[in-house]
Amino acid sequence: MDARSLRTYLSGDQPEETAMAQNPSAEIIPPSPKPADPRGKIVEALLELLAHRRWNDIGLADIAARADISLAELRGLFPSKGAILAGFLRQVDLEVLDHDVKDMAQEPARERLFDVLMRRFEALAPHREALRAVRDGLRTDPMGAAALNQVAVSSMQWMLAAAGIPESGPLGLARAQGLLLVLARVFDTFLNDPDEGLARTMKALDEELRRAEKVARVADDVGRITAPFRDVFDRVLGRGKSGRDDDTAAAA
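Residues numbered from 1 in each chain as written. Predicted model: local features only at pLDDT ≥ 70, side-chain atom pairs only at ≥ 80, totals over all residues. Heavy atoms only, no water.

A. Broad picture of the packing of aromatic side chains. Per the counting criterion, the structure on display carries two aromatic pairs. Note on F121 and F190: the rings are 4.8 Å apart at their centroids and 40° apart in plane angle, and the pair reads as tilted. A residue pair is termed long-range when its members are at least 10 positions apart, and F121 in helix α7 (residues 109-124) and F190 in helix α10 (residues 169-191) qualify at 69 residues. For the residue pair F121 and F190, the accessibility class agrees, reading buried in each case. Their ring planes at 40° and their centres at 5.9 Å tell us that F187 and F190 sit as a pair that is tilted. You can see F187 and its partner F190 sitting in helix α10, three residues apart, about one turn around the helix. Comparing F187 with F190 shows no difference in burial state: the two are buried. An aromatic cluster is defined as three or more aromatic residues linked by ring pairs; in this entry it consists of F121, F187 and F190. Over the ring of F78 we find R39, and its NZ or CZ is 5.1 Å from the ring centre. (Phe/Tyr/Trp six-rings, centres within 6.5 Å; stacked < 30°, edge-to-face > 60°. Helix = DSSP H or I, 4+ residues; strand = E, 2+ residues; numbered from the N terminus. Buried < 20%, exposed > 50% of the residue type's maximum accessible area, 1.4 Å probe, protein only. Lys NZ or Arg CZ within 6 Å of the ring centre and 35° of its normal.)

See below:
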């Protein structure tokens, strides 16, 4: 170790501090900022275009130009315009899920869902004109609407999970599809709600959730009433409980 290094070591100076002491005019170059997420930039470009143009009038080249990227870059990140829209819904999911809902744990399921879905509408509110263009465009694009429905159902499963309601399996999928129907019934009210606090949207959502709750109760009652008949039917077809017990015993 040479004399300079030894003095630095004994004094505890850092290399940058030593350099500044030797050359006060020297500046420490800060690290380069992380590059912006290109996916977010593309989603934003689509939303900006939708605020002024119709869904069917926007092409992939338009989106690439607005995002200031090449078509090759766009293709590498998203396979289609619908996938970019799905990316936007994922951003909304993340924004909603980022909130802590532990303080609502003791509330009824309907209240928890109301809270989660209103946060979703609040996240969507700045993009209402773009969403209006999407709604109008998909009315004449059944294939696009079907594809978006699959993405939206997945989003609803995340919303159910955020509200502490089981979302997995066939029953969870049915709940998610039903919840999407609730949102669809409120959507027009949301798009035309003049109140910054979304008062009309809140009222419409509360009414739809109460209606859905009643339907769910009726379905549960019907399920309980018909359970004995379904059990007999299953036994006739060899799908009864005894068959399951035998399978369990055999597996043991």
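B. Quick look at the packing of helix α3 (residues 38-50) against helix α6 (residues 81-97). Orientation of α3 relative to α6, taken along the N-to-C sense of each, is 105°, at an axis distance of 9 Å. The angle between the axes of α3 and α6 places the two elements in the roughly perpendicular class. Mapping the contact onto sequence places G40, I42, V43, L46 and L47 in α3 and K81, I84, L85, G87, F88 and Q91 in α6. Classifying every residue of the contact of α3 with α6 by side-chain character gives seven nonpolar, three polar and one charged. (Axes fitted to C-alpha atoms, helices over the stretch in contact; angles between N-to-C directions. Parallel < 35°, antiparallel > 145°, perpendicular 65-115°, else oblique. Contact = heavy atoms within 4.5 Å. Nonpolar A, V, L, I, M, F, W, Y, C, P; charged D, E, K, R; others polar.)

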